[in-house]
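Understanding the architecture of this molecule
The chain contents come next:
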Amino acid sequence: MKLVKSIMTNNPCYKAGKKIKIKGLILHSVGCAQPNANVFIRLWNNPKYDRACVHGFIDANDGTVYQTLPWDHRGWHAGGSANDTHIGVEMCEPDCIKYTGGSSFECSDIDRARAMVTRTYKSAVELYARLCTEYKLNPLENGVILSHKEAHSKGLASNHGDPEHLWTGLKLGYTMDGFRKDVKKAMAETTKQPKKEESKPVSKPDTKPITNTSDDFKVKVSIPNLNIRKGPGTDYSRTGKFTGVGVFTIIETKAGKGSTKGWGKLKSGAGWISLDFAKKI
């Protein structure tokens, strides 16, 4: 997860300067077809934008987290008393959806939408695991991690259906109970990481190959912004390039962090891609 500080110092909420004792985290979804976090930051970082202010946005294009308020700053994200106790973060949404009323929407490219929402979900898990660790919060404890929808049902927030409406509408199978468990799991995995020796260069973790065959195979990628990484896992850095939509030849596969189906090495030599977003043909 990439975290970028982009504090909205011109927003009236920031200027109000109120602090909170952090008791939990609320997960939001922006409720419009805009994947780019910087669009919201440019709009909200304005002395006249006195409607809302959140602690962060998660970009749907690449999963980058932009911190827009100090974590212990009182935000305007819940529309209720949760503003006094909870951090609020917005996940950006795919540009291929169109709202038809309330939380209902149509989608013109289901594969693209699912890839984007999966990306924001995974970044949210990493971010909330980090925040729960930092502020000594138990994500499975009642009321610690809530969606906006859940916060409303508890009388802590205004009446919204996010982000469950997006997960349900795209049939991704994500739930808030599952999210909380994923955060807890991510916290446990972080604490298990061995300390690296300062005298040695940082080494990349071992990965066990799930296939070791000389037979190449082709995959079809249906999203234009699938990251290419320098190794098989999200713990390897991005090359800064994307596959684009098309058919690609895979010459080697390995298991690795951040992908349930494993990672494939591109025949072109450009790097590795997650097979979660590629269909074998």
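First, a word on what this report is: a plain description of the structure on this page. Values in this document were obtained by computation on a predicted structure and should not be read as measured data. (Residues numbered from 1 in each chain as written. Predicted model: local features only at pLDDT ≥ 70, side-chain atom pairs only at ≥ 80, totals over all residues. Heavy atoms only, no water.)

1. Focus on unusual backbone geometry
For clarity, the threshold we go by: In this description a helix means any DSSP run of H or I spanning at least four residues, a strand means any run of E spanning at least two, and both kinds are numbered starting from the N terminus.
Cis geometry marks the peptide bond from Asp162 to Pro163, where omega comes out at -5 degrees. The backbone of Lys136 sits at a positive phi, close to 55 degrees, despite the residue not being glycine. Examined against the element boundaries, Lys136 turns out to sit in the loop between α3 (110-134) and β8 (145-147).

2. Observations regarding the packing of aromatic side chains
Cut-off, in case you're wondering: To pair, rings of Phe, Tyr and Trp, with the six-membered ring standing in for Trp, must have centres within 6.5 Å; the planes then decide the type, stacked if under 30 degrees apart, edge-to-face if over 60, and tilted in the middle. Think of it in three bands: residues with accessible area under 20% of the maximum for their type are buried, residues over 50% are exposed, and the middle band is partly exposed, with areas taken using a 1.4 Å probe on protein chains only.
Tallied over the full model, the rule gives nine aromatic pairs. Ring centres of Trp44 and Tyr49 lie 5.2 Å apart, and the angle between their planes is 20 degrees; this geometry places the pair in the stacked category. For Trp44, a relative accessible area of 9% translates into the label buried. Consider the rings of Tyr128 and Phe179, whose centres lie 5.6 Å apart with planes at 75 degrees: the pair is edge-to-face.

3. Section: the nonpolar core
Put simply, the test is: Joining through side-chain atoms within 4.5 Å is the link that ties buried Ala, Val, Leu, Ile, Met, Phe, Trp, Tyr and Cys residues into a set, and such a set is a nonpolar core.
Counting residues in each nonpolar core, the largest one holds 34 residues, and the members touching the most others are Leu25, Leu27, Tyr128, Ile145, Phe179 and Val183. Every element with two or more residues in this core is listed here: β2 (24-29), β5 (86-91), α3, α5 (164-169) and α6 (176-192). If you look at the next biggest cluster of nonpolar residues, it comprises 17 residues, including Met8, Val30, Ala37 and Leu69.

4. Digging into the sheet that holds β8
Where we set the bar: Two strands pair under a simple rule: DSSP has to find at least two bridges between them. The axes are straight lines fitted to the C-alpha atoms, using for helices just the contacting stretch, and the angles between their N-to-C directions are given from 0 to 180°. Contacts are residue-level and defined by heavy atoms, with any inter-residue pair within 4.5 Å sufficient.
Taking strand neighbours across the sheet as the criterion, the six strands line up as β1-β4-β3-β5-β2-β8 in an open arrangement whose pairing is mixed. Of all strands in the sheet, those with a lone pairing partner are β1 (3-5) and β8, marking the two edges. Sheet twist, expressed as the average angle between the axes of neighbouring strands with direction ignored, equals 25 degrees. Direction of pairing for strand β3 (residues 56-58) relative to β5: parallel, over a ladder of three bridges. Bridging from a neighbouring strand, Gly56 pairs with Val89 of β5. Together, β3 and β4 (65-67) form the strand contacts of helix α2 (residues 37-44), whose direction differs from that of β3 by roughly 155 degrees.

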